[in-house]
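Structural overview
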Amino acid sequence: MTTRFTQSSANSGKWSKQLTPWAISYGGSHKLGFNLSISQFKHIGVFPEQSSNWEYIFSALQRKRNSKALNLFAYTGGASLAAKAVQSDITHVEAFSQLISKAKENMESSGLKDVRWMKEDALRYVQKEVKRGKKYDLIIMDPPSWGRGPKGEKWKLESQLDELIKGVSQLLNKKAYIIVNTYSGISPEQLKERLENHISFGSVECGNLIVEATSGAEFSTGSLVRGQVK
Ligand SMILES: C[S@@+](CC[C@H](N)C(=O)[O-])C[C@H]1O[C@@H](n2cnc3c(N)ncnc32)[C@H](O)[C@@H]1O
């Protein structure tokens, strides 16, 4: 069965056909389960381009004992589940209860448990963690161009990204890993430069986040920077 989404405004549109919810299993280095359904925002409940990050998380953390990971703007929880699959102590930060419920269902479908769920504004959570002196071995962040925290806090990527990076830089342990995606106008090189203004990397890579069609066609969805700090 196929369906096609036609966008009518920046945030909504229509599907040509309704589909009953369905489930998929990601069969990479570790199995992850996702419960999917079509939404009026075009999303279906998984971002396949993120699978390259899940593999990065598996290999970064699987030999690290008692690692702590933080997933900001976490939505479906793909990265949270990847960290949990390799026994990391993961904190999942998302503004919306409904989306946290969906991520919990994905955790259950992945045969995992004990993700720490935080319904919080991502930037405020980072600032609170800095005050509490917390440190992490992996921080993942996938901030949208604009958004809202649970109490209506405004998030605007362009004006707040540097503040977020500055906060995150204070939460990184030595040799910690960081993964950052953005979807709006910031090139991979610019994103890397903005990170390097606050973070000293031992190794770092940047490029486009790619969805690959079965035909082999590639579709870039945004910018990606990831690496290990000194
Ligand atoms: C681009 S999506 C992240 C997708 C994620 N990488 C995944 O694989 O599911 C951005 C998420 O950030 C959330 N969000 C937006 N503003 C937020 C805020 N101020 N604090 C916390 N989460 C926020 C949105 O609800 C959305 O779920």
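See the structure printed just above.
None of these values were measured; they are calculated from a predicted model.

Note: strand E12 (residues 201–212) against strand E13 (residues 218–229), 11 bridges, orientation antiparallel. In the sheet register, Glu205 faces E13, and the bridge partner there is Arg226. Once E12 ends, the chain turns through five residues before running back antiparallel as E13, passing Gly216 with a positive phi of about 100°.

This part covers the site of the ligand. Near the ligand there are 20 residues, and of these Thr76, Glu94, Asp121, Ala122 and Asp142 occur at the shortest range. Between Thr76 and the ligand, the recorded distance is 2.5 Å, taken from a side-chain N or O atom to an oxygen atom. The backbone of Ala122 places a nitrogen or oxygen atom 2.9 Å from a nitrogen atom of the ligand. Contact with the protein chains hides 91% of the accessible area of the ligand, taken as 610 Å² for the molecule alone. Across the shell around the ligand, the residue classes tally to 11 nonpolar, four polar and five charged.

Right, let's talk about unusual backbone geometry for a bit. We note that Gln87 has phi near 60°; this positive angle belongs to a residue other than glycine. Along the chain, Gln87 turns up in the loop between helix H2 (78–85) and strand E6 (89–94). Here Asp114, not a glycine, exhibits a phi torsion of approximately 65°, which is positive. The residue Asp114 is located in the loop between helix H3 (97–109) and strand E7 (116–119) in this model.

Reading the values: rules and limits
Residues numbered from 1 in each chain as written. Predicted model: local features only at pLDDT ≥ 70, side-chain atom pairs only at ≥ 80, totals over all residues. Heavy atoms only, no water. Pairing = 2+ DSSP bridges. Helix = DSSP H or I, 4+ residues; strand = E, 2+ residues; numbered from the N terminus. Near = heavy atom within 4 Å. Polar contact = N/O pair within 3.5 Å; in protein donor to acceptor, adjacent residues only side chain to side chain. Areas by Shrake-Rupley, 256 points an atom, 1.4 Å probe, with all protein chains shown as cover. Nonpolar A, V, L, I, M, F, W, Y, C, P; charged D, E, K, R; others polar.

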